[in-house]
Amino acid sequence: MLDRLKRRFPFIAATGALIIVFAWAMRKFLVGEAFPIWDVDGLCGPYYMLIADVARHGKLLWWNPWANGGQPDFMDQYGAHSPVVLVMAWLFGPSVRGFIAYWFTLWLLFGLGILALAKQWRLPAWGGFVVALGLMFSGFFVGHAEHTPVIFSWVWMPMVLWRLEVALARTSWAAAAQAGVLFGLSALGGYPAVVFTNGIFLLLWIPVRIYFREEPAGTDGSPAVASTKAIRIGLLMFAVAALIALPGFYNFFHEGRGFTSRAGALDREIAVMSNALHPRALLTFASPYLATLPPKNLWEYTDISSCSLYTGGLVFIFAVFSILVRPRSRLRWALLAGALFAIAASLARDLPLRGWLYDWVPPTRYFRHAAFFRGYTIFLLGLLALLGIRDFATGVPQANGKRRLMVATALPLVLAGAAYWAVLARAHP
């Protein structure tokens, strides 16, 4: 017992540190001096409070008699019948502070999932902490903090990936079922477009992890399962997820028909062009400050919530290091290819990929906001950073010289970048 606790203590400490840093950075929300704006203020927050008020009275929200002469709120994306939302709504209550507690819990769930995945991949706890913190304050999370359903669907991904990795590495049917439960829960109260693209990501992840190994199977937390068993693990995961999620999707398409345009396929121009990523927004990978500049000056057609690609300086540096230290790793090149694919899909007004997806993958006709795809670029860079940190910490032979070079160049670059953006921030308060 003591040995097990000793092995886990670094990750327990990293969890505590993550919570403390996150709470300190968001302290104005905790003490009531600030509240999320835009969609949260006018839509997501009030919906949560309504759900919580009904839950506190021991009931479920079905039809909303105060809107549109009776609105089917149980079919929408705010989690009226989600077990997770209902438990947190009942626990935290129908208040502003209750919503903030729910909002924070979702963010922390993502960070804890990154730490769990880091432990599965045999990283040092500090490495998981660095990547978790970087992705929690990435351009995707900060930008879409107002879009609670988007965040709700997104935060489950590291947890699902962690249980899927365990299932593949140990041929564990229980872990596969757990991954399915987590993925299914992400659909109840989440944004349907994100749920669908998450499903494609997981579907592609299985063959990538089976066929693109870096070490002998099972020696570094990599999958050791055969292809046939991997297929069965994937089928089990998706079957469990479907069992949980399909009632909600049935309600959405059945009750939403004739009530909302979201229940049907969108016109091609709307689905492809709406809120595409502007090419100049690619510069946001370098600093979070760029996304705060007036959007009309940099990206005319990209919403300010969807323009940032920032991952955190160390995450980006370790992602680059991951490729440099193992240039022959097919796994890492596959992750980089996925990141570039997602960027190409985001640049829908300048590249044809999003249009091809609309034509060839019919479910993508049901959602817009092409810039959402950039979330997978950020996430995949985070996974590359985890692999790079593992090499940096263990000192693989290929990393010795590059590690010294990286340490010698990274710190001056980070400091120079911080000084540069500090000067700009002072010049443009």
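Residues numbered from 1 in each chain as written. Predicted model: local features only at pLDDT ≥ 70, side-chain atom pairs only at ≥ 80, totals over all residues. Heavy atoms only, no water.

A. Spotlight on unusual backbone geometry. Positive phi, close to 60°, is recorded for Arg122, a residue that is not glycine. Note on placement: Arg122 falls in the loop between α5 (96–120) and α6 (125–136). (Helix = DSSP H or I, 4+ residues; strand = E, 2+ residues; numbered from the N terminus.)

B. Geometry of the packing of α6 against helix α15 (residues 313–325). Between α6 and α15, whose axes approach to 8 Å, the crossing angle comes to 120°. Overall, the two elements α6 and α15 adopt an arrangement that is oblique. The handedness of the crossing between α6 and α15 comes out as left-handed. Contacts between α6 and α15 involve Trp126, Val130, Val131, Gly134 and Leu135 from the former and Leu314, Val315 and Phe318 from the latter. Of the residues in the contact of α6 with α15, the class split is 7 nonpolar, 1 polar and no charged. (Axes fitted to C-alpha atoms, helices over the stretch in contact; angles between N-to-C directions. Parallel < 35°, antiparallel > 145°, perpendicular 65-115°, else oblique. Left-handed = near helix turned anticlockwise from the far one by under 90°. Contact = heavy atoms within 4.5 Å. Nonpolar A, V, L, I, M, F, W, Y, C, P; charged D, E, K, R; others polar.)

C. Just the pattern of salt bridges, in detail. By the definition in use, this model includes 5 salt bridges. One salt bridge connects Asp359 with Arg268, and the closest N-O pair in it is separated by 3.0 Å. Separated by 91 residues along the polypeptide, Asp359 in helix α17 (residues 353–360) and Arg268 in helix α13 (residues 268–273) bring together distant segments of the chain. Given the relative accessible area of 38%, Arg268 is considered partly exposed. With a closest N to O distance of 2.7 Å, Arg332 and Asp391 form a salt bridge. (Salt bridge = Lys/Arg side-chain N within 4 Å of Asp/Glu carboxyl O. Buried < 20%, exposed > 50% of the residue type's maximum accessible area, 1.4 Å probe, protein only.)

D. Expanded view of the packing of aromatic side chains. Overall, the coordinates contain 34 aromatic pairs when judged by the stated rule. For the ring pair Trp154 and Phe379, a centre distance of 6.0 Å and an interplane angle of 70° mean the geometry is edge-to-face. Here Phe379 lies in helix α18 (residues 374–394) and Trp154 lies in helix α8 (residues 148–154), a separation of 225 residues in the sequence. Taking relative accessible area as the criterion, Trp154 reaches 4% and is therefore assigned buried. The exposure class of Phe379 is buried, given its relative accessible area of 2%. The aromatic ring of Trp24 is capped on one face by Arg27, whose charged end is 4.0 Å from the ring centroid. Across from the ring centre of Tyr358, 5.5 Å away, lies the NZ or CZ of Arg365, which sits over that ring. (Phe/Tyr/Trp six-rings, centres within 6.5 Å; stacked < 30°, edge-to-face > 60°. Lys NZ or Arg CZ within 6 Å of the ring centre and 35° of its normal.)

E. Region of the structure containing the packing of helix α11 (residues 192–211) against helix α16 (residues 330–346). With their axes 9 Å apart at the nearest point, α11 and α16 run at an angle of 155° to one another. When the axis of α11 is compared with that of α16, the two are roughly antiparallel. Our pair here, α11 against α16, has a crossing hand that is right-handed. Between α11 and α16, the contacting residues are Trp205, Val208, Arg209 and Tyr211 on the first element and Arg330, Leu331, Ala334 and Leu335 on the second.

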